[in-house]
Structure formats: C-alpha cells, structure tokens
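# Chains, contacts and geometry: an overview
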Amino acid sequence: MMITPQLGVRIAVLAVVATIVEIAAVSQVSIFGVSADLSPLVVMSVGLLTGSITGAVVGFGVGLLLDLTLVQTLGVSSLIYLGVGYWAGRIRELRDPQAALTPLILGAAATAGATCGYAVIQFLLGVDAPVSLLLVRQIVTTIVVNTLIALPVYALVRRWLEPSLPDDPRRRRRRAYTTGGLSPLSRA
Amino acid sequence: MYDKTVRRRRAVLGLLVALSLILLTAYFGEAAGGGLHAVQRGFVEVVAPIQDGASRALKPVRDLFGWFGDTLDAKGQRDSLRRQLQQLRNQRIQNADAVRQLAELKKIFNLDHELSLASYRPLTSRVIGRAPTVWYSTVNVDRGSGDGVRVDQPVVDGDGLVGKVTFVTPNSSVVTLITDHTSGVSARISESGALGVVQPAVGNPNDLLMQYLQQGDAVRTGNSVVTAGTTSGRLDSVFPPGIPIGQVTRVDQNDLFKGVHIRPFASLRTLDYVQILLRTRGGTGP
C-alpha cells in the first residue's frame, strides 16, 4: 500500500498519542489485577489496515517510544512490536480477512505474541529474581482484557486513519451495489 | 514487480530487526553514562512535561475505569479483608500491652525522631507514568534532579516501601518498584529481628519473597517485615531502617533456608503519589 504524506502524519500522531495514553492512563488502571496493553492492539490495527511494511515500521516506532519513555532496555519493545505489526500486515496481504471479529482474534494473538516475546527476551537477558507460576495467569489475564478492548481500539484506529487510506476496491464495489450502479438487477 | 515488492518488504523487515538487535546489544552492554542512556535521558526530559500534562488530563478517565476495576476486584478483597479483620482483632488485643510498653521505651530512648521519616526530608511526587508489561515494574514521577532527587534514594508511600529512584532527569525520575525483578531489599522480621533479603516473585505483584532466613529464625504468618537498614555488618543499605515492607502470608519450611512469602503493604498497582526520601542515611543528600 502506498503511504501518502497525510497517512504518514496520521500514523505518526496515532503512535505518539497511543504511547502517551498507554503510559499516562491505561497502564495505571488495574482490571482483574492486570492493566490493558494498548500498544500491541494499536500496532496490530495499523498493520491490518495498511500492510506489513507500515505495520513493521509503526511497531518499531511504538516500541522505541515505549523503551525511551519508560527507560527500559532499548530495542526490546521495538523488536517485539515490529514483529506484531509485520505479522498483522501479512495477514491482510495474504488472507484479507473480512469477518467482523477478525480484530478481536488478531488482538488476542498480537497480545499473546507480545507478552510471550517479552518473556523470552527477558529470560535471554537474565532474570535476577525467582519467577512465580502466577506469571502465566498474569499473561493470560492480560490477553483476555486486551481481547475485550480489541474491537473498540481497532474501530478507533480505523476511524482515525480512514480519511487517508486509499479507497478499498471492495468497499467501492459494495458502495456501487448499494447505490445501484453496478448491480446486475439494475441492468436486467 | 512482485519480486521487487517481496524484496523491498524483506529488506525493510531485515533492516528493522537488525536495528533493534543493534540497539539492544549496545544498550545492554554500555554503562549507565553511555551514549544511548544519554539519548534516553534527553528524551525523557523532553517527554516528561507532556506525560505530566497527559496524566493530569486523563485522570478522570483513569478514575472512571479504575472504579470499574475496583468494583470487579471488590468481592475478592471483601472476603480477604474479613479474614484479616478477624486476625487483626485477635492481634490488637495482644498488641495493646506491647504498644503501651513501646511508647514508654520510645520516650526513654528518643527513638521516635530517629525512625520518623520527616528526618529523611520526604518529597511528595506524583506518578505520571507506568510500565505496561509485567516485566518492568517501574513508574515515572514528576520530580527530578532539579528538586534534589538523586539515584538510589528510597521511595515510600503512606503504607510502606515502594522502591528506589533508578534514573533521574532534571524534571522527572524513574522509580523501580520492589516488585521489579532487579530489586532486592535487606529486611528484618519486625517481631524477631531475623534478617533476610526481600525479592519479588516475578509475575505476582502481591507476593514478595524473603530469602536467606535460617531454619532456626522465628517467623510466623502475620509478622511484619521492615527494612533492615544494613546490607552487612558494616555496609548501610540505601533504605533507612524500620520502613514497613509487608506482612508475612506464608512460611515454607522445605529448604535449607526458610522461604517466607510477604504481601507488600504499599498498593503498588494503584500508586498516585509517592514520597522520595531526599536525605539518605548518615545525613548526606541535599
């Protein structure tokens, strides 16, 4: 997909705002003992709407912003989220899923991938403290909470990006049918 | 055309992965004063006011969603609190006499001033950000080196120990909580004086582990754990002595050392304000 300057600006604004909202508000609200994680959902939504390259770049950017702002090891979140964005974009390019629940399923998978990715990298870098089995419960609960908010997050991202997205051929076709332009019935 | 697209896609992906790995390796290997840390410090300095503003603006939203979360958690907490209430009633009766004796002893030894946190010049700070993953237990606060904050200063809230300052910019700081996997606090059992080290159990923010307690040390469920103030006979800890850390919830006997589980007193998931103790032990600090 061609990224126009307008779309690029919208994506950049989205990445910055999502990161700030994540750090300043969402991560401080505890639901079932965990907080929702907006980043994988936003990156997944951008990938799903714009494709693999944009998804990977946005994932890298969001991860870098998070690592810089929270003074975490640079590169960890970038590596994880670029994978999430690329993967979501590839799903769009290869399968082009249209089901209404697609963002919900992909949101769950993106969160699972991100949390497991963090765990793997942290273990590779070395964990100084004992690890509780409840970590698994925390990860599962985070995935459930993120799954619940995946649809509204996707809808908000789509609403923000839609004015700058290139016209989708399928949407154009659907519109043509509903207005009667290309309907076989109208020709009959 | 198709080949070109595929090549382009793979090139971008490879470039980004390589960039991430270079960043990760360089950052992990460099000292705290290195170039990437300096870039990070500069970025935090620029972002902190924005984060502060966003935190203030989004507080009503946070409170609203927090209310929903609190309501969901309330049932479990109610049952737990009922049990605690029963235990505390019994304990209160036992403690009444001890409290009277302690007050007399405090007067005699003038210890109340010594243990008072006021002597450590607490600086109230607002939490303006929090790490979203379970792997990083850190919060960003709105006070920095311009307010006298330095690395390694202890951080408390109204209930007990929260963590210590690990990163400072002129207008903000990063506090690593006692539930972060890099944390370790020398501590003692308040009732028996037994010494150990409190470490987190990664993945469970409501559970800390007190380690290196000998089998002979007297520890019971319900005992309080406070900071020891020393790391060895000669070395002072960064934490002043006597700051409450948590309450013993379980004691495992099946090891060379006792494994003591502690529930932290501070509500580490819902911190709004914390206090940074500016004056470290021995009277140093601004």
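An account of the accompanying structure is given in this report. (Residues numbered from 1 in each chain as written. Chains lettered and ligands numbered in written order. Predicted model: local features only at pLDDT ≥ 70, side-chain atom pairs only at ≥ 80, totals over all residues. Heavy atoms only, no water.)

## What to know about the pairing of strand E4 (residues 161-168) of chain B
Residue and element names in this part refer to chain B. The condition that has to hold: Accessibility here uses a 1.4 Å probe with only protein chains present; expressed as a share of the type maximum, an area under 20% marks a residue as buried, one over 50% as exposed, and anything in between as partly exposed. Numbering of helices and strands runs from the N terminus, with a helix taken as a DSSP run of H or I at least four residues long and a strand as a DSSP run of E at least two residues long. Only strands joined by at least two bridges in the DSSP assignment are considered to pair.
With six of eight residues buried, E4 lies mostly within the body of the structure. Judged from the three bridges that link them, strand E3 (residues 154-156) and E4 form a sheet pairing that is antiparallel. Along E4, the bridge assignment pairs Val156 with Leu161. Adjacent in sequence and paired antiparallel, E3 and E4 are bridged by four residues. Across five bridges, the pairing between E4 and strand E5 (residues 173-177) is antiparallel. Directly across from Val165, in E5, lies its bridge partner Val175. With antiparallel pairing between neighbouring strands as the criterion, E4 and E5 make up a hairpin whose turn holds four residues.

## A word on the pairing of strand E11 (residues 257-264) of chain B
Residues and elements named next belong to chain B. Bridge count between strand E8 (residues 208-214) and E11: five bridges; the pairing is antiparallel. Pairing of Leu208 across the sheet is with Ile262, part of E11. Note: strand E10 (residues 244-252) against E11, six bridges, orientation antiparallel. Within E11, the position partnered with Arg250 by the bridge is His261.

## Thoughts on empty space enclosed by the protein
The gaps left among the atoms become clear once a water-sized probe is rolled over them. The condition that has to hold: Space inside and on the surface of the protein is sampled on a 1 Å grid over the protein atoms alone, with a cavity defined as a set of points where a 1.4 Å probe fits but cannot get out and a pocket as an open set with protein on both sides within 12 Å along at least 5 of 7 lines; lining residues have an atom within 4 Å of a point. Grid points are joined across faces, edges and corners, and a volume is the space filled by probe spheres set on the points.
Following the criterion strictly, the structure yields one cavity of 30 Å³ or more and no others. The space that makes up the largest cavity amounts to roughly 340 Å³. Lining the largest cavity are 26 residues, with A:Gln138, B:Thr133, B:Val134, B:Trp135 and B:Arg269 sitting closest to its centre. Looking at the lining of the largest cavity, the elements that each hand over two or more residues are helix H5 (102-125) and helix H6 (134-161) of chain A.

## Looking at the sheet that holds strand E1 (residues 122-130) of chain B
Residues and elements named next belong to chain B. The test is simple: Lines fitted to C-alpha atoms define the axes, with helix axes restricted to the stretch in contact, and inter-axis angles between N-to-C directions lie between 0 and 180 degrees.
Read once around its circumference, the closed barrel built from six strands follows the order E1-E2-E5-E4-E3-E12, with strand pairing classed as antiparallel. In this sheet, adjacent strand axes meet at a mean angle of 45° when their direction is disregarded. Bridging between E3 and strand E12 (residues 273-277) involves two bridges; their strand directions are antiparallel. Across the sheet, the residue bridging to Val156 is Gln275, located in E12.

## Structural notes on the packing of helix H4 (residues 76-95) of chain A against H5(A)
The description of two packed helices rests on the angle between their axes and on the distance between the axes. Residue and element names in this part refer to chain A. Using the following cut-off: Angles below 35 degrees are treated as roughly parallel, those above 145 as roughly antiparallel, those between 65 and 115 as roughly perpendicular, and all remaining angles as oblique. If you view the pair so one helix is near and one far, a crossing is left-handed when the near helix is turned anticlockwise from the far one by less than a right angle, and right-handed when it is turned clockwise. Between two residues, a contact is recorded if the distance between any of their heavy atoms is within 4.5 Å. Each residue is assigned to one class: nonpolar for Ala, Val, Leu, Ile, Met, Phe, Trp, Tyr, Cys and Pro, charged for Asp, Glu, Lys and Arg, and polar for all the others, Gly among them.
Where H4 meets H5, the axes come as close as 10 Å, and the angle between the chain directions of the two elements is 150°. Looking at the two axes, H4 sits roughly antiparallel to H5. Considering the relative orientation of H4 and H5, their crossing is right-handed. Between H4, through Val76, Ser77, Leu79, Ile80, Tyr81, Val84, Trp87 and Ile91, and H5, the contact on the second element is made entirely by Leu106, Ala109, Ala110, Ala114, Gly117, Tyr118, Ile121 and Leu125. Broken down by class, the residue content of the contact of H4 with H5 amounts to 14 nonpolar, two polar and no charged.

## So, the interface of chain A and chain B
Selection criterion: Summed over both partners, the accessible surface that disappears when two parts come together, traced with a 1.4 Å probe, is what is meant by buried area. Whenever a carboxyl oxygen of Asp or Glu lies within 4 Å of a side-chain nitrogen of Lys or Arg, that contact is scored as a salt bridge. We call two N or O atoms a polar contact when they sit within 3.5 Å, provided that within protein one can donate a hydrogen and the other can accept it, with sequence-adjacent residues counted only if both atoms are side-chain atoms.
If you look at the interface, chain A gives 56 residues, while chain B gives 56 residues. Both sides of the chain A and chain B interface together cover about 5100 Å² of buried area, and 70% of this is carbon and sulfur. Contact with chain B buries area across many residues of chain A, yet A:Gln28, A:Val71 and A:Leu74 alone supply 12% of it, more than any other trio. Remark: the boundary between chain A and chain B carries zero salt bridges. Along the contact surface separating chain A from chain B lie seven residue pairs in polar contact (both at pLDDT 80 or more).

## A short note on the pattern of salt bridges
Residue and element names in this part refer to chain B. Under the definition given, this model contains seven salt bridges over all chains. Here Asp52 and Arg126 are joined by a salt bridge, their closest N and O atoms 2.5 Å apart. Remark: Arg126 occurs in strand E1 and Asp52 occurs in helix H2 (residues 35-57); sequence separation between them is 74 residues. For the pair Asp52 and Arg126, one class covers both residues: buried. A salt bridge links Asp147 to Arg143; the nearest nitrogen and oxygen atoms lie 3.5 Å apart. Accessibility expressed as a relative area gives 31% for Asp147, which makes it partly exposed.

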